There are 2 protein chains.
Amino acid sequence: MRYKGLTLRVLGRRGPLIGPGKAELVERIAASGSISAAAREMGMSYRRAWQLVESLNAAFREPVVTTAIGGRRGGGARVTAFGKQVVREYRRLEDKASAAIAPGLKRYQRYIP
Amino acid sequence: MRYKGLTLRVLGRRGPLIGPGKAELVERIAASGSISAAAREMGMSYRRAWQLVESLNAAFREPVVTTAIGGRRGGGARVTAFGKQVVREYRRLEDKASAAIAPGLKRYQRYIP
């Protein structure tokens, strides 16, 4: 992933909605069609990935990830069109924030060795 | 704390430098003069707070927090002038990023119930 100098977490009034971990997880589920494959790629337990998916589906107006009924553990997960939009928009916000504070982020590097 | 709709984490080339948790911890240490008081206020273990302080001091060019030699556990912590600048500048970046993507963050609220 391109170095942006920051990560962003979007908060709703009732708490965190999405940040770098959930966004990457959804992107990897979309690419692999599997929660367990996405979790493995990120060095995350299946249980943790599942919790993140549940919290995404609970936080947003529509499901972000759906799983096939009767699917085996880790089989048949799909990112909805709505979920893709949510993540795409998150990436847009991240890019925009990064561009807006790029000079400040660069100056910040004076503080590190 | 004022609702900004986001949190920001600043990354260096070698990893995360500072985010909302570390920034708040430093601010609370500055206010209380004590790592254990700051940890308690944030519902964080003393051990965890100490680890965050150590990682801050290791990541930046100069110490962010100093502790008195021989001080009892949790006694006599001080945020350096350098540390105050690091956190002030972080808050500035956060405000600037928040302002830059405010319309996008507002639109994002359509995605939640």
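Preceding this section is the structure that the text describes.
Residues numbered from 1 in each chain as written. Chains lettered and ligands numbered in written order. Predicted model: local features only at pLDDT ≥ 70, side-chain atom pairs only at ≥ 80, totals over all residues. Heavy atoms only, no water.

Visitor: Before we go on, may I ask you to explain the relation of the copies chain A and chain B in this structure?
Guide: Least-squares fitting of chain A to chain B yields an RMSD of 0.0 Å, with the transformation described by 0.0 Å of translation along the axis and a rotation of 180°. Classification of the inter-copy transformation places it as that of a two-fold axis. The overlap is high: 100% of the interface residues of chain A also sit at the interface in chain B, so the same surface is used on both sides. (Least-squares fit on C-alpha atoms with pLDDT ≥ 70 in both. Contact = heavy atoms within 4.5 Å.)

Visitor: Help me understand the interface of chain A and chain B in this model?
Guide: The accessible area lost on association of the parts is a frequent measure of interface size. Residue-level contacts link 35 residues of chain A with 35 residues of chain B. The tally of links from chain A across to chain B stands at two salt bridges. Its salt-bridge partner being Glu 89 of chain B, residue Arg 107 of chain A comes within 3.6 Å of it at the nearest N-O pair. In this structure, the connection of chain A to chain B is made through 14 residue pairs in polar contact (both at pLDDT 80 or more). Secondary structure elements with two or more residues in the side of chain A that touches chain B: β1 (6–12), β2 (15–18), α4 (81–100) and α5 (102–108) of chain A. Counting residues per element, the side of chain A that touches chain B draws most heavily on α4 of chain A, at nine residues. Residues of the side of chain A that touches chain B, tallied by class, amount to 21 nonpolar, six polar and eight charged. One ladder, built from five bridges, connects β1 of chain A with strand β1 (residues 6–12) of chain B; its direction is antiparallel. Residue Val 10 of chain A lies in a different strand from β1 of chain B, and its bridge partner there is Leu 6 of chain B. (Salt bridge = Lys/Arg side-chain N within 4 Å of Asp/Glu carboxyl O. Polar contact = N/O pair within 3.5 Å; in protein donor to acceptor, adjacent residues only side chain to side chain. Helix = DSSP H or I, 4+ residues; strand = E, 2+ residues; numbered from the N terminus. Nonpolar A, V, L, I, M, F, W, Y, C, P; charged D, E, K, R; others polar. Pairing = 2+ DSSP bridges.)

Visitor: I would appreciate a short explanation of the sheet that holds strand β2 (residues 15–18) of chain B in the present structure.
Guide: Each strand in a sheet pairs with its neighbour through backbone hydrogen bonds, running either in the same direction (parallel) or in the opposite one (antiparallel). Across the sheet, four strands lie side by side as β2(A)-β1(A)-β1(B)-β2(B); this open sheet has antiparallel pairing. Among the strands making up the open sheet, the edge pair consists of β2 of chain A together with β2 of chain B. Averaged over all adjacent pairs, the angle separating strand axes in this sheet is 45°, with direction ignored. The sheet contact formed by β1 of chain B and β2 of chain B spans three bridges and is antiparallel. Opposite Leu 11 of chain B, over in β2 of chain B, you have Pro 16 of chain B as the bridge partner. Of the strands in this sheet, β1 and β2 of chain B touch helix α4 (residues 81–100) of chain B, which is tilted by about 125° from β1 of chain B. (Axes fitted to C-alpha atoms, helices over the stretch in contact; angles between N-to-C directions.)

Visitor: Is there a simple way to think about the packing of aromatic side chains in this case?
Guide: Two aromatic rings, taken as a pair, are described by how far apart their centres are and by the angle between their planes. Residues and elements named next belong to chain A. Using the criterion set out here, one finds ten aromatic pairs over all chains in the structure. On the numbers, 6.4 Å between centres and 70° between planes, the contact of Phe 60 with Phe 82 is edge-to-face. Here Phe 60 is found in the loop between α3 (46–59) and β3 (65–67), whereas its partner Phe 82 is found in helix α4, with 22 residues between them in sequence. Each member of the pair Phe 60 and Phe 82 is classed as buried. (Phe/Tyr/Trp six-rings, centres within 6.5 Å; stacked < 30°, edge-to-face > 60°. Buried < 20%, exposed > 50% of the residue type's maximum accessible area, 1.4 Å probe, protein only.)

Visitor: Hey, could you run me through the nonpolar core in this one?
Guide: Within the largest apolar cluster, 69 residues are counted, with the highest numbers of intra-cluster contacts made by Ile 18, Phe 60 and Tyr 108 of chain A together with Ile 18, Phe 60 and Tyr 108 of chain B. Residues contacting Ile 18 of chain B, with those up to four places away along its chain left out, are Tyr 108 of chain A together with Leu 8, Arg 9, Val 10, Ala 23, Leu 56, Phe 60, Val 86, Val 87 and Tyr 90 of chain B. (Core = buried A, V, L, I, M, F, W, Y, C linked by side-chain atoms within 4.5 Å.)

Visitor: I keep staring at helix α1 (residues 20–32) of chain B and nothing clicks. Help me out?
Guide: Along an α-helix, residues three or four positions apart point the same way, because every turn accommodates 3.6 residues. Residue and element names in this part refer to chain B. Its 13 residues give α1 an end-to-end C-alpha distance of 18 Å, which sits within 8% of 18 Å, the value for a rise of 1.5 Å per residue. For α1, every residue scored as buried is listed here: Lys 22, Ala 23, Leu 25, Val 26 and Ile 29. Down the axis of α1, the smallest arc covering the buried residues is 160°, so these residues share one side. In this structure, the buried residues of α1 make contact with β2, α2 (35–41), α3 (46–59), β3 (65–67), β4 (77–79) and α4. (Expected span 1.5 Å × (residues − 1). Arc of directions from axis to C-beta.)

Visitor: Any chance you could explain the pattern of salt bridges here in plain terms?
Guide: Oppositely charged side chains can pair when the atoms bearing their charge come close. Residue and element names in this part refer to chain A. What the rule picks out here adds up to twelve salt bridges over all chains. The partner of Glu 27 in a salt bridge is Arg 91, and the shortest N-O contact between them spans 2.8 Å. With Glu 27 in helix α1 (residues 20–32) and Arg 91 in helix α4, this residue pair connects regions lying 64 residues apart in the sequence. For Glu 27, a relative accessible area of 32% translates into the label partly exposed. Counted as one network, the salt bridges with shared partners bring together Glu 24, Arg 28 and Glu 41.

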